[in-house]
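# Notes for the structure review
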Amino acid sequence: MVNGEPIIDIRGLTKRFSGRTVVDAIDMTVRQGEIVGFLGPNGSGKTTTIRMICGLLRPDGGTGTCLGYDIARESHLIKLNVGYMTQRFSLYEDLTIRENLDFVGRLYELEPRADFVDAALDRLGLTGRQHQLAGTLSGGWKQRLALAASVMHRPKLLLLDEPTAGVDPKARREFWDEIHDLAGEGLTVLVSTHYMDEAERCHRIVYISYGTIVARGTVPEVVAASGLHTIIIRGGDQATIARRLRDRAGIEQAAIFGNDLHVVGADPVVLETSVAATIAGTGATAETGETILEDVFIRLMNDGGAAPDNGGQPT
Amino acid sequence: MRYRRFSGSRITAVMAKEVIQMRRDHLTFAMIIGVPILQLILFGYAINTDPRQLPTVVVAADAGPVTRSLMAAMDTSDYFAIADRAVDEPTAERLIARGEAAFIVTIPDHFERDLVRGERPQILVQADATDPAATSGGLNALTTLIERAIARNGTGSGTPDGGGVELVLHRLYNPEGITAHNIVPGLLGTILTMTTILMTGLALTREVERGTIENLMATPARPHEIMLGKIVPYIGFGFLQVAVILIAAALLFAVPLEGPLLALLTVTLIFIAANVTLGYTFSTIARNQMQAMQMTFFFFLPSILLSGFMFPYRGMPGWAQALGEVIPLTHFLRAVRAIMLKGSGMVEVIPHVWPLAVILALISVVALARYRRTLD
Ligand SMILES: Nc1ncnc2c1ncn2[C@@H]1O[C@H](COP(=O)(O)OP(=O)(O)OP(=O)(O)O)[C@@H](O)[C@H]1O
Ligand SMILES: [Mg+2]
């Protein structure tokens, strides 16, 4: 379980690609046993940050340690104890499932290798298809194979870059159950994702936008810190109401979820006035709702990094 | 987990993976076997070109006016460069065996006297025929030069066919002057250059292109382990080609192997190692497989042009010869021609082998220095 020891500890980490700052002086601490969600829009710098943490990219500024080793100078020691699952499938498509796991087993000098591979295949439920080429697996199965390969050597830290993209809900549920089991045994996890339900399964989340961390903390903390208020409208012609609302003062978002129209704004009074004026005579009803994480993220994305880094506990 | 700088397990991991991938790539595998045979048949007939300035030693037991004028004529002609005119027979034979002389011209005792008497004295010409294209032109030219030398001095009967002199030709090492015999070492070298550089050149760029490099780099494998793991299998594939070429050469062209097989294999090992390391270096520089392929061809062209494969080395201008010296194929050709056709052993080919070893060492250093440890 979570104890005090920092597993990832980075300060002012910066990365530039041909002059463009992609990760801009970020600080982050992840403690042992924590599952930290790493969120942010496309191109915000999640993959770049993860790559710097495990020594695949050289930072242009800042310092950091991972598992107590310096990320700039001791990456070979870090790599021994880190499991990294890349965003893009990066095992060998022209090798069979078993051959891929064998390859990984040899690289980490696992003994007896066959036992490790058998156990991994068994957990995956792929024993019957172990001689199938990895390239012929469906997208979701590739992800599961990649996860199995990245935990086979029992790492202390797991870096997962969008591990469940394209994975069905049941498999995702199982995947997260396993992540929690592993964390319970002391494994630390940093996982990037675009899924809100996954963010909610993390102990803590970090939200990055344009290379800067703009929100962090537990999910309730991040929601509270956003200062957003939500009203839910039911009934009436929701598409028309939503269109009208978007032109009104104090309305930041108006999005339909099935039969509910979520209306989000920062100022509760202005929000209520605008809603009341819009739905008058349409037969729709309004009631106060709960702001959800997605609303916060949409706000953060619209702000484009302007929001202060004010969420939750200092890390 | 303790960290070891050199892990047999990690090298084996990469090696086994490369072998599996190669085996599964049927087209490439078929080409490894098929290309040598095809080339051997196609190139069985060589390209003939006129060589220049072939080093010649003269063993002159007589030194009259005809001899002097003959030597002067040879010296001024384009074909010959008289390296030494006062050597004894054993020295001359050593020079030709080492490849430092292409011709020995022996002028017998009493040559001038016999010529004046019309007794048709013999001039013995021994030619290094391991490269028949190079020597046959020289032999033809020599006949003409002798005629002129005699005519100028007004001696002998001056008949057009040999000018009162009997020219005795000895083609050494490849008596029939069969081009196929010479082309086999050449093909062995060029095919190995082409395929081994290309295969290893693609080995790392393929990982970059497919994105698998990210996973590989995130594992504890070190640069030298990855390099060894990727190079060793291709040395093996190179030897597979050597076997194919040698067997096909023996069956199709009855090419002899005069020297010891072990010497041939040793030289070939160093040569293949130099090539795969070069290919690996290319793959650390190239950003994709296309670039790696272009670099291979860029290197391959001067290799066949300047190494003495396409054109006789001695026919090239000085700057081209200097360039040729840094090409592994040049040294390999010399060593393998000596072993296969002259019957030289390891000791005799050392002068050709050490430059290869130096080239190998230098490329290895560059390859390791060039390896990108990170993705940026
Ligand atoms: N090797 C590279 N060279 C140049 N620019 C790069 C490189 N890698 C990433 N970038 C740029 O850096 C920025 C951040 O990329 P990164 O992959 O870290 O984003 P991300 O948060 O992982 O996005 P996504 O959610 O789409 O995966 C992007 O604008 C990308 O174009
Ligand atoms: Mg990414």
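Cut-off values and rules
Residues numbered from 1 in each chain as written. Chains lettered and ligands numbered in written order. Predicted model: local features only at pLDDT ≥ 70, side-chain atom pairs only at ≥ 80, totals over all residues. Heavy atoms only, no water. Helix = DSSP H or I, 4+ residues; strand = E, 2+ residues; numbered from the N terminus. Buried < 20%, exposed > 50% of the residue type's maximum accessible area, 1.4 Å probe, protein only. Contact = heavy atoms within 4.5 Å. Areas by Shrake-Rupley, 256 points an atom, 1.4 Å probe, with all protein chains shown as cover. Donors = N, O, S within 2.8 Å, 3.2 Å for Na, K, Ca; no water. Pairing = 2+ DSSP bridges. Axes fitted to C-alpha atoms, helices over the stretch in contact; angles between N-to-C directions. Domains from an automatic or database assignment. Buried area = accessible area lost by both parts, 1.4 Å probe. Salt bridge = Lys/Arg side-chain N within 4 Å of Asp/Glu carboxyl O. Polar contact = N/O pair within 3.5 Å; in protein donor to acceptor, adjacent residues only side chain to side chain. Nonpolar A, V, L, I, M, F, W, Y, C, P; charged D, E, K, R; others polar.

Okay, the overall build of chain B next. Helix and strand counts for chain B stand at 14 helices and 5 strands. For chain B, the residues scored as buried account for 54% of the 376 residues in total. Within chain B, contacts between residues separated by at least 24 positions form 83% of all contacts whose residues are at least 6 apart in sequence. Summed over all atoms, the accessible surface of chain B reaches about 15,900 Å², with 64% contributed by carbon and sulfur.

Residues and elements named next belong to chain A. For the magnesium ion (ligand 2), every protein donor is listed as Thr47 (OG1) and Gln87 (OE1), and the spread of their distances is 1.9 to 2.1 Å. Of this pair, Thr47 sits in helix H1 (residues 46-53) while Gln87 sits in the loop between strand E6 (82-85) and helix H3 (97-107), and the two are 40 residues apart along the sequence. Thr47 sits in the buried class, given a relative accessible area of 18%.

Time to look at the sheet that holds strand E5 (residues 69-70) of chain A. All names here are of chain A. Reading across from one edge, E2-E1-E4-E5 is the order of the 4 strands in this open sheet, with antiparallel pairing throughout. In the strand order of this sheet, the two ends are held by strand E2 (20-31) and E5, each with one partner. Inspection of the sheet shows strand E4 (residues 61-66) paired to E5 by 2 bridges, in the antiparallel sense. Bridge pairing in E5 places Thr65 opposite Asp70. Docked against the sheet, H1 engages strand E1 (6-17), E2 and E4, running at close to 120 degrees with respect to E1.

All names here are of chain B. Assigned domains within chain B: domain 1 (8-43 + 179-370) and domain 2 (54-172). With centres defined by C-alpha atoms, the gap from domain 1 to domain 2 works out at 40 Å. Taken together, the contact between domain 1 and domain 2 spans 8 residues of the former and 13 residues of the latter. Of the roughly 860 Å² buried between domain 1 and domain 2, counting both surfaces, carbon and sulfur atoms make up 56%. Taken as a group, Pro312, Arg314 and Lys342 account for 60% of the area that domain 1 buries against domain 2, more than any other trio of residues on that side. Applying the counting criterion to the domain 1 and domain 2 interface returns 1 salt bridge. The closest approach of N and O atoms between Asp128 and Lys342, which form a salt bridge, is 3.3 Å. The tally of links between domain 1 and domain 2 comes to 2 residue pairs in polar contact (both at pLDDT 80 or more). Broken down by secondary-structure element, the contributors of at least two residues to the side of domain 1 that touches domain 2 are helix H7 (179-210) and helix H13 (328-342). At 3 residues, H13 tops the list of elements feeding residues into the side of domain 1 that touches domain 2. Of the residues in the side of domain 1 that touches domain 2, the class split is 2 nonpolar, 3 polar and 3 charged.

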